[in-house]
Amino acid sequence: MIKSFFTNKNILIVSPENWNHLFVSKHHYAIELSKHNKVFFLNPPSGKFSITESKYRNLWVIDYTPFLKGLRFFPKFVQLYFMRNKFERIQTLTSGQFDCVWSFDNSVFFDFSFFPKRILKISHIVDYSQNFQFAQTASTADICFGVSQNIVDRLLKSNQNSFLVPHGVSIEKSDFPTVKLPGKNSIKAMYAGNLDSRYLDRSVLFELINKHPYVDFIFLGSGGSDWPRNEHTFFLGVIAHEHLQNFLQQADVLLLIYDVEKYPNQLTNAHKILEYLASGKVIVSTFISDYSGNPLVEMAINQRDLSILFNRIVSDLPVYNSLERQKARMEYAGSNSYSDRLVAIEQLIRSVTTS
């Protein structure tokens, strides 16, 4: 029964990012699950209560109004009353009953104990900084997942059924016309993501840009309105996920420049790495511990060494972007799809429920 749990079920995905956000793990799991289930993607709270169809079959997006302010400070029976009430209103919108609540946001239903026992309750933490009611959420979940070992170690303190499930990758095929990147330089370096993220090491990135006027730096994603503009920097805004690979494949170098010295625990992994690897192009990255020693990612151990690493890569691109190396990167990404992750997750659920 557990082997085919994620078939013909009603699943609620609780997300800290809305549906229109640059697609990350929550969105990809929702899309993958919708292939064999009815999936309802719960946006962060807003000023309305509604349900709308997404462009994906069997996938709907739900908006709902905020909880009572300061709910976590109320007695537990009050917390559960308001959470139960909100959940029932959300469920009513779907004209059905949920079989699974898969939460990526422990600030919403931060105590799963009010849910009926028939509902599978999953706490899935993909951000080490997600500290809100961490122990209470984990202890009342049926099973917990973390994308890095340091997150799993925290979950284990509250729930022994906590497991490592690394990031996955979703590669959508697109008939988007061939992309022509802007700029006059022959070498194109690209970053895709939220340019206002606190994790980006702007000082190192800006230094890299200033030292390499012969490279065009192209940025995909929201934010960056306060970034300095140069003749060789280009900001293309948010790119639909189904077109992202078209852009990445046209780059020569893909960048991951994070402030790992300031945020060592939060930056042990990054979902973007697999998307980058799927393009086949060489990745220049600051230190990401979960990929330490992985020959598919060119990594600077120290921030100050990043410019040296970048120089070496752009000086020998035919080697770093050889067909052999590109194939190895793409094959690695292909073996870490979200469909693969779901198979592993079902096996973990089976091991917990039958033990």
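Residues numbered from 1 in each chain as written. Predicted model: local features only at pLDDT ≥ 70, side-chain atom pairs only at ≥ 80, totals over all residues. Heavy atoms only, no water.

1. Topic: the side chain of aspartate 216
For step 1, the next point in the chain: The residue aspartate 216 is located in strand S10 (residues 215–220) in this model.
For step 2, the next point in the chain: On the basis of relative accessibility, which here comes to 1%, the residue aspartate 216 falls in the buried class.
For step 3, the next point in the chain: Here the side chain of aspartate 216 touches asparagine 185 through a polar contact of 2.9 Å, landing on its backbone nitrogen.
For step 4, the next point in the chain: The residues contacting aspartate 216, other than those within four sequence positions of it, are Pro182, Gly183, Lys184, Asn185, Ile187, Lys188, Ala189, His232 and Phe234. (Helix = DSSP H or I, 4+ residues; strand = E, 2+ residues; numbered from the N terminus. Buried < 20%, exposed > 50% of the residue type's maximum accessible area, 1.4 Å probe, protein only. Polar contact = N/O pair within 3.5 Å; in protein donor to acceptor, adjacent residues only side chain to side chain. Contact = heavy atoms within 4.5 Å.)

2. Looking at the packing of helix H6 (residues 241–248) against helix H7 (residues 272–279)
For step 1, the next point in the chain: At a minimum axis separation of 8 Å, H6 and H7 run at an interaxial angle of 55°. Classified by the angle between their axes, H6 and H7 sit oblique to one another. With respect to the hand of their crossing, H6 and H7 are arranged in right-handed fashion. Here His241, Leu244, Gln245 and Leu248 of H6 come into contact with H7, specifically with Glu275, Tyr276, Ala278 and Ser279. (Axes fitted to C-alpha atoms, helices over the stretch in contact; angles between N-to-C directions. Parallel < 35°, antiparallel > 145°, perpendicular 65-115°, else oblique. Left-handed = near helix turned anticlockwise from the far one by under 90°.)

3. Considering the pattern of salt bridges
For step 1, the next point in the chain: Under the definition given, this model contains 10 salt bridges.
For step 2, the next point in the chain: With its nearest N and O atoms 2.6 Å apart, the salt bridge here joins glutamate 242 to lysine 55. Separated by 187 residues along the polypeptide, glutamate 242 in helix H6 and lysine 55 in the loop between strand S3 (50–53) and strand S4 (59–63) bring together distant segments of the chain.
For step 3, the next point in the chain: The exposure class of glutamate 242 is buried, given its relative accessible area of 18%.
For step 4, the next point in the chain: With a relative accessible area of 60%, lysine 55 lands in the exposed category.
For step 5, the next point in the chain: As a salt-bridge pair, glutamate 207 and lysine 211 come within 2.9 Å of each other at their nearest N and O atoms. Placement of the pair is glutamate 207 and lysine 211 together in helix H5 (residues 202–211), with a separation of four residues, close to one helical turn. (Salt bridge = Lys/Arg side-chain N within 4 Å of Asp/Glu carboxyl O.)

4. A word on the sheet that holds strand S9 (residues 187–192)
For step 1, the next point in the chain: Here six strands make up an open sheet; going across it, the order is S11-S10-S9-S12-S13-S14 and the pairing parallel. Looking along the sheet, the strands with just one partner apiece sit at the ends: strand S11 (233–237) and strand S14 (298–299).
For step 2, the next point in the chain: Pairing geometry for strand S13 (residues 282–285) and S14, over two bridges, is parallel. Across the sheet, serine 285 pairs through a bridge with methionine 299, a residue of S14.
For step 3, the next point in the chain: Of the strands in this sheet, S10, S11 and strand S12 (253–256) are in contact with H5, which crosses S10 at around 145°.
For step 4, the next point in the chain: Sheet contacts for H7: S9, S12 and S13; angle to S12, the most-contacted strand, approximately 175°. (Pairing = 2+ DSSP bridges.)

5. What to know about the nonpolar core
For step 1, the next point in the chain: One finds Phe6, Leu12, Trp102 and Phe109 to be the most contacted residues of the largest nonpolar core, which totals 60 residues.
For step 2, the next point in the chain: Among all residues touching phenylalanine 109, those that are not within four sequence positions of it are Leu12, Val14, Leu42, Phe67, Met83, Phe87, Ile90, Phe114, Phe115 and Thr137. (Core = buried A, V, L, I, M, F, W, Y, C linked by side-chain atoms within 4.5 Å.)

6. Brief notes about a nonpolar patch on the surface
For step 1, the next point in the chain: The grouping of Leu68, Phe73, Phe74, Tyr81 and Phe82 at the surface amounts to a nonpolar patch, some 510 Å² of accessible area in total.
For step 2, the next point in the chain: Mapped onto the elements of the fold, leucine 68 is located in the loop between S4 and helix H2 (76–93).
For step 3, the next point in the chain: Residue classification places leucine 68 among the partly exposed positions, given a relative accessible area of 37%. (Patch = residues over 30% accessible without salt bridge, like charges linked within 9 Å, V, L, I, M, F, W, Y side chains within 5 Å. Areas by Shrake-Rupley, 256 points an atom, 1.4 Å probe, with all protein chains shown as cover.)

7. Observations concerning the environment of leucine 42
For step 1, the next point in the chain: For leucine 42, the position within the fold is in strand S2 (residues 38–42).
For step 2, the next point in the chain: Distance in space between the C-alpha atoms of leucine 42 and serine 203 is 36 Å, their sequence separation being 161 residues.
For step 3, the next point in the chain: Ignoring sequence-local partners within four residues, the contact set of leucine 42 consists of Leu12, Ile13, Val14, Ser15, Ile62, Tyr64, Ile90, Val108 and Phe109.

8. Considerations on the packing of H5 against helix H8 (residues 306–314)
For step 1, the next point in the chain: Two elements in contact, H5 and H8, have axes whose closest approach is 10 Å; the angle formed by their N-to-C orientations is 40°. Between H5 and H8, the interaxial angle falls into the category oblique. Relative to H8, the crossing made by H5 is right-handed. Contacts between H5 and H8 involve Val204, Leu208 and Lys211 from the first element and Leu306, Ser307 and Phe310 from the second.

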